[in-house]
Structure formats: structure tokens, C-alpha cells
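Examining the three-dimensional arrangement
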Amino acid sequence: MTALEKATGDVVLKFEPFVLHVLCRELQDAQLLHSVAVDSGFRNSGITVGRGGKIMMAVRSTHCLEVPLIHKGKLMVSEEYIEFLIHIANRKMEENI
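Residues numbered from 1 in each chain as written. Predicted model: local features only at pLDDT ≥ 70, side-chain atom pairs only at ≥ 80, totals over all residues. Heavy atoms only, no water.

**Regarding the packing of aromatic side chains**
- Overall, the coordinates contain 2 aromatic pairs when judged by the stated rule.
- Here F18 and F42 contribute two aromatic rings whose centre-to-centre distance is 5.8 Å and whose plane-to-plane angle is 55°, an arrangement assigned as tilted. Pair noted here: F18 is in the loop between β1 (11-15) and β2 (19-24) and F42 is in the loop between α2 (27-39) and β3 (46-49), with a separation of 24 residues, a long-range link.
- According to the relative accessible area criterion, F18 is partly exposed, its value standing at 30%.
- Take F42: its relative accessible area is 25%, and that puts it in the partly exposed class. (Phe/Tyr/Trp six-rings, centres within 6.5 Å; stacked < 30°, edge-to-face > 60°. Helix = DSSP H or I, 4+ residues; strand = E, 2+ residues; numbered from the N terminus. Buried < 20%, exposed > 50% of the residue type's maximum accessible area, 1.4 Å probe, protein only.)

In C-alpha cells:
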């Protein structure tokens, strides 16, 4: 809260989830890993194939959180709500682990 009191612009609380990038030798390896990731709850996972044929599998969760707190130096939410958001972000971090 001390840092927020000094803010003059916009402030956003942002939590970005776990991301694991895996370089795969074969497309079928990436497809298998993708199926396992999605079945395990990592619904934002995906496969990309680069121009040089590099196959990358990204395992991503859906545990995102992005909430504006301050706009133009004005606190837009209560301190109680910020504490609630921090609790949620910490819980999401535990889920990442």
C-alpha cells in the first residue's frame, strides 16, 4: 500500500502463470505432450513450428490475473479488495508450484 500511495500514473496488479517451453524433435512428440498438457488442465498450451522447422511445445495454464488498481494516480479500489486480490494471486502461485 505504501508503494501505491506514491503512484502518479496507472497501476495494474498482474499475475502471469507458469509457462514451460519444450523443444521437440518430432511433431508427433509435441502432439503427445500437448495432449498430456491439455488433459492435465493446461488449456492454453500450444505447438509452434518455426521457419527452420524448429518444433516448440508451450505448456501454459489459464491462471491469469490482471486488475487495474490506480488510474491517473487515483486508487480505484479499496485496500480490502487489494488484499483479496493478493490472496487470489498467492493461491494461483501455489497452484503453479
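**Quick word on the sheet that holds strand β6 (residues 74-75)**
- Pairing is antiparallel in the open sheet, where 3 strands are placed in the order β1-β5-β6. At either margin of the open sheet sits one strand with a lone partner, and together these are β1 and β6.
- Two elements, strand β5 (residues 65-71) and β6, share 2 bridges in a ladder whose sense is antiparallel. Counted as the bridge partner of H71 is K74 from β6.
- Across the sheet, helix α3 (residues 79-96) lies against β1, β5 and β6, angled at about 155° from β5, the strand it touches most. (Pairing = 2+ DSSP bridges. Contact = heavy atoms within 4.5 Å. Axes fitted to C-alpha atoms, helices over the stretch in contact; angles between N-to-C directions.)

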